[in-house]
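So the chains spell out like this:
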Amino acid sequence: MQRTAIVLIVVVCAAAAVGAVATFLLAGRAEQADSLATQATLDEPELALPTEPSGASAAKVSNTGCPIQLVDVIEETGIDFVNFSGMSPEKLYPSANNTGVALIDYDQDNHLDVFFGNGELLLPGGEDPPTQFWRSLGDGRFENVTEPSGLKIHGFTFGLGVGDYNNDGFPDLYVARYGDYIMMRNNGDGTFSDVTAEAAVGDDHWANSVAFLDYDYDGVLDLYVTNYGDWNLQWHRNHVCGEGNPFVKLFCTPKIVPVVPNLFYRGLGDGRFKNVIKELGLQRPDSRSTSVVAVDLNLDGLIDLYVTNDLEPNFTFINVGDG
């Protein structure tokens, strides 16, 4: 089975005119970490380090005149999460996709914490490592709080969404797993609880992406979920994709995955949601959706939706402001 190490990259070299430091979380193969240096061409020839790196990071920085330099600082953070891809000789279709990562300040200390989704071997008795949740200590280091937080979640985790759906001041977490979507409510005491049933936001298909937004501007967050389809393990085992050789399995075309509608949950203001995608006229029969972004596309002050699809044209849903 393939496992993927997590690499934390920090931008430590920038043009003096910019003078900014940015931090990125990137998932990549451990053996590729040394090649994750990105160079760009800027007009300013004079360069400066806005912040001098220290410790192990300093040894990795070579100020060779590049406008931007990326440095792997994963060892300093203490994060040792390793992603499980779920790959197997069976070529199970969901394992061709990767899992999600979410940044969330769950304890409201002004430091972002990190939730890592994880994969599983989608076979009876297959390996099923849990998700992990890492709390920022505020000094560049993190501690694993998966167990005490209640965020030790099994299953193939794809789409992750962060939003305060019940307006209690603490961000909550929506986790779209293969075959089971769950809403994890932030209890405000460092723990989370599964409130999927009472929130009425469960589903049993395969979602790749989610987005919280307040599309009707009623002060209550709504939730859009992209359903890729209704992939079935039993169907997969009865079909051979590729060259017709029963001893060699390849990943099947997306066309074999039956389409199911995406979900658009409107927040009702009492902790519950209602799926309104059909009544809003947004249900489409031609979607195997892979991602969604909630953004004001036409700058009219209203949040719109952009949805990407596999093998089909993407969707652009413009908010006309009438709910």
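These remarks concern the structure in this document. (Residues numbered from 1 in each chain as written. Predicted model: local features only at pLDDT ≥ 70, side-chain atom pairs only at ≥ 80, totals over all residues. Heavy atoms only, no water.)

Here's the deal with the pairing of strand S12 (residues 180-186)
Selection criterion: A 1.4 Å probe rolled over the protein chains alone gives each residue an accessible area, and that area as a share of the maximum for its type sets the label: buried under 20%, exposed over 50%, partly exposed in between. The numbering of helices and of strands both runs from the N terminus, where a helix is a DSSP run of H or I of at least 4 residues and a strand a run of E of at least 2. Strands were regarded as paired on the criterion that DSSP finds at least two bridges between them.
Within S12, five of the seven residues are buried, which leaves the element mostly enclosed by the surrounding structure. Between strand S11 (residues 172-177) and S12, which pair antiparallel one after the other, the connecting turn spans two residues, and Gly-179 there sits at a positive phi close to 80 degrees. Here S12 runs beside strand S13 (residues 192-194); their pairing, made up of three bridges, is antiparallel. Note on S13: the bridge partner recorded for Asn-186 is Phe-192. Adjacent in sequence and paired antiparallel, S12 and S13 are bridged by five residues, among which Gly-188 carries a positive phi angle near 80 degrees.

Brief notes about the environment of Val-73
Position of Val-73 among the secondary structure elements: in the loop between strand S4 (69-72) and helix H2 (74-77). What makes Val-73 buried here is its relative accessible area of 11%. C-alpha separation for the pair Val-73 and Gly-140, spaced 67 residues apart in sequence, amounts to 9.2 Å.

As for the packing of aromatic side chains
The description of an aromatic ring pair rests on the distance of the ring centres and on the angle between the ring planes. Put simply, the rule is: Stacked, tilted and edge-to-face pairs are distinguished by plane angle, under 30 degrees for stacked and over 60 for edge-to-face with tilted covering the rest, among Phe, Tyr and Trp rings (Trp via its six-membered ring) whose centres lie within 6.5 Å.
As enumerated under the stated definition, the model contains 14 aromatic pairs in all. Aromatic side chains Phe-115 and Phe-133 sit 6.3 Å apart centroid to centroid with 55 degrees between the ring planes, which places their arrangement in the tilted category. Residue Phe-115 is found in strand S7 (residues 113-116), and its partner Phe-133 is found in strand S8 (residues 132-136); the two are separated by 18 residues along the sequence. Here the two residues Phe-115 and Phe-133 agree in accessibility, since each one is buried. Seen in terms of ring centroids, Tyr-265 and Phe-273 are 6.4 Å apart; in terms of plane orientation they differ by 75 degrees. Their pairing is edge-to-face. Both residues of the pair, Tyr-265 and Phe-273, belong to the buried class.

Section: the environment of Asn-319
So the rule is basically this: Contacts are assigned to residue pairs that have any heavy atoms within 4.5 Å of one another. Polar contact criterion, stated in full: a pair of N or O atoms within 3.5 Å, where within protein one must be able to donate a hydrogen and the other to accept it, and residues adjacent in sequence count only if both atoms are side-chain atoms.
With respect to the element layout, Asn-319 can be found in the segment after strand S20 (315-317). A residue is classified by how much of its surface remains accessible, and Asn-319, at 10% relative accessible area, is buried. Remark: the alpha-carbon pair of Asn-319 and Leu-302, spanning 17 residues in sequence, is separated by 6.1 Å. Setting aside anything within four residues of it in sequence, one finds Asn-319 in contact with Tyr-215, Tyr-217, Asp-300, Leu-302, Ile-303 and Asp-304. Polar side-chain contacts of Asn-319 include one of 2.9 Å to the backbone nitrogen of Gly-321.

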